[in-house]
Amino acid sequence: MRLPWAPAANERDRREMLKRIGVNDAMELYNDVPPEIMLKEPPNVGFGRQLSEWELQRLVDSMLSKNKVFTDPPPFLGGGICFHTVPAVIDAILSRSEFYTAYTPYQPEINQGLLQVFFEYQSLMADLLEMDVVNVSMYDWSTAAAEAILAAMRVTRKKRIVVAGNIHPERMEVIETWLLGKEADIRVVEFDRETGKVDLDRLENTIDSDTAAVYVEVPNFFGVIDDGVEAIAEIVHRRKALFIVGVDPLSLGIVRSPGSYEADIVVGDAQPLGLGLNYGGPYLGIFATRWDRKLVRQMPGRLIGLTKTVDGSEYGFTMILQTREQHIRREKATSNITSNEALMAVAAAAYMVLLGGSGLRELARSIWLRSHYAAKRLGELERAKAPQFSGEFFKEFTARFPKPYHSIHRALLEKGIMGGLPLADKPPLMDEYSALFCVTEAHSMKDIDRLVEAIGEML
């Protein structure tokens, strides 16, 4: 059978390949398949003939052309993963073969370059978070949060977990799934419906001596920045529990770092740091702790350290903690997560180096200004309320409209605009009139005005 995408292939080569593997006919390769489930004739699929490479490419291109890519304006869809610009230099660095084709390093001695990049990532992230130890790395924010809670349960030997009710609902689902079979007692604390922040009185009344950890997000699902984190930390530590904080790393350009208010474990997602949007991933889960031997020993994944030769003449990099099941820990592993999202860590490290401290502050301020401009403009629409909560916010905010938002959202899509995330079926708000909007450095004033004018016409 001649293959149009491999013109040199011929029947002689086919027979030789079958001979080399010890079979007379290709159908012998399916001898283990029960005859009753084998097709008696080829299925009626395809185009009745083989397609050439060019024909296949055109066919695929025609299918892909049906996808709607929102670039003008960029999507305003909130919900944790937002549209950010990715500098061209990031893709150029990632395309280097030693990064692009390398898998998780198992032998430190032959992966010095990659290990150095991971070490730099850990160092940069530790500086940004003001935390002592950062691992390399987790799948995403959700699994990092769940792993942080499991680590807290192991350290404290307690089962009760207190979670702020204004965290991302899908993250809450992952946490609940991750804790199945661990006999965890999860208590969700209702948030203040006026400010969107954690209700301190309810939180304090929920935490007791059996509490292993308290988990909050800053900013939370609604984009609200909780300014009561110091009070939360004091309450948590007074009850001998661990304080776990989830953060958006870009917000730390203008928002206090979690290390400054004594967080014990910090998690998050480095997706805003040069990773872009890629059909649901890959992401880069952040996991950091303060220096405490018990906490560090319970960190999932691995740590990269800097060492030197016996005579002290040269430096080198090595994995100094590997608590995964594929290494010496085996069934005693703290985590079964086996990938450290290596390529994404390279991207995040390059992004942080490219921006530097001043660049990060400038970027965060730009996002803050643009998102507040968008909220102000939406709030000027008749009978609309934006932002919906009085608490200060960063990048994301909720807006409420006088008619169900689903109809507005569909109409926006017809105009080529990806609006905010409908919250009709999204706890903890569950409001068919509300939506969660995200505005970043990628959105111009013209983009925002176009969104507002389009919604205004529908109202």
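Within each chain, residue numbers correspond to sequence positions counted from 1 in written order. Selection of residues for local features in this predicted model requires a pLDDT of at least 70, selection of side-chain atom pairs for listing and counting requires 80 or more, and totals for whole chains, interfaces and linings are taken over all residues. Calculated side-chain values reflect all of the structure's heavy atoms, with hydrogen atoms and water omitted.

Colleague: Explanation requested: the sheet that holds strand S3 (residues 185-189) in the structure shown.
Modeller: Note on sheets: strands pair through backbone hydrogen bonds, and any given pair is parallel or antiparallel. Taken together, the seven strands give an open sheet; going across it, the order is S1-S7-S6-S5-S4-S2-S3, and neighbouring strands pair in mixed fashion. Each of the sheet's edge strands pairs with one partner strand only, and the pair in question is strand S1 (133-134) and S3. Two strands pair when backbone bridges link them, and strand S5 (residues 242-247) and strand S6 (residues 265-269) are joined in this way by four bridges, in the parallel orientation. Within S6, the position partnered with Gly-246 by the bridge is Val-267. Pairs of residues are marked as contacts when any of their non-hydrogen atoms sit within 4.5 Å. Here an angle of 0 to 180 degrees is reported between the N-to-C directions of two axes, which are lines fitted to C-alpha atoms, with helices fitted over the stretch in contact. Here a strand is any run of E in DSSP of at least two residues, a helix any run of H or I of at least four, and the numbering for each starts at the N terminus. Across the sheet, helix H6 (residues 141-156) is in contact with strand S2 (160-164), strand S4 (211-218), S5, S6 and strand S7 (285-289); its angle to S5 comes to roughly 175°. Against the sheet, helix H9 (residues 229-238) engages S4 and S5, with an angle of about 150° to S5. A strand pair is defined by DSSP finding two or more bridges across the two strands.

Colleague: Sorry if this is basic, but what is going on with the packing of aromatic side chains here?
Modeller: The relation between two aromatic rings is expressed through the spacing of the ring centres and the mutual angle of the planes. Two rings belonging to Phe, Tyr or Trp (six-membered ring only in the last case) form a pair when the distance between their centres is within 6.5 Å. Interplanar angles under 30 degrees mark stacking, angles over 60 mark edge-to-face geometry, and anything in between is tilted. Inspection of the entire model under this criterion finds 11 aromatic pairs. Between Phe-397 and Phe-437, the aromatic rings sit 5.9 Å apart at their centres with planes inclined by 20°, giving stacked as the arrangement. On the criterion of sequence distance, the pair formed by Phe-397 in strand S10 (residues 396-400) and Phe-437 in strand S12 (residues 434-438) is long-range, its members being 40 residues apart. Like Phe-397, the residue Phe-437 is buried in the burial classification. Aromatic pair Phe-401 and Phe-437: ring centres 6.2 Å apart, planes at 70°, arrangement edge-to-face. Relative accessibility thresholds used throughout: buried, under 20% of the residue-type maximum; exposed, over 50%; partly exposed, between the two (1.4 Å probe, protein chains only).

Colleague: What exactly am I supposed to notice about the nonpolar core here?
Modeller: Definition used in this section: a nonpolar core is a set of buried Ala, Val, Leu, Ile, Met, Phe, Trp, Tyr and Cys residues joined via side-chain atoms within 4.5 Å. Counting residues in hydrophobic clusters, the biggest one holds 96 residues, and the most contacted among them are Phe-118, Tyr-121, Met-125, Leu-129, Tyr-215, Phe-243 and Val-267. Apart from the residues lying within four places of it in its own chain, the contact partners of Tyr-215 are Trp-141, Ala-145, Val-162, Val-163, Ala-164, Ile-167, Arg-171, Ile-175, Ile-244, Val-245, Gly-246 and Val-267. Within the second largest apolar cluster, 24 residues are counted, among which are Leu-381, Ala-399, Phe-401 and Ile-455.

Colleague: Can you help me understand the packing of helix H5 (residues 112-129) against helix H11 (residues 342-379) in this one?
Modeller: Axis separation between H5 and H11 bottoms out at 9 Å; the angle between their running directions is 45°. Taken together, the axis directions place H5 and H11 in an arrangement best described as oblique. Like other packed secondary-structure pairs, H5 and H11 cross with a definite hand, here left-handed. When H5 is examined against H11, the residues Leu-114, Val-117, Phe-118, Tyr-121, Leu-124, Met-125 and Leu-128 are found in contact with a partner set consisting of Ala-342, Ala-345, Val-346, Ala-348, Ala-349, Met-352, Val-353 and Leu-360. In the contact of H5 with H11, the residues fall into 15 nonpolar, no polar and no charged. For classification, angles of less than 35 degrees are called roughly parallel, those exceeding 145 degrees roughly antiparallel, those between 65 and 115 degrees roughly perpendicular, and all remaining angles oblique. Left-handed is the label given to a crossing in which the near helix is rotated counterclockwise from the far helix by less than a right angle, and right-handed is the label when the rotation is clockwise. Throughout, the ten residues Ala, Val, Leu, Ile, Met, Phe, Trp, Tyr, Cys and Pro are labelled nonpolar, Asp, Glu, Lys and Arg are labelled charged, and all others, Gly among them, are labelled polar.

These figures come from the coordinates and say nothing about function on their own.
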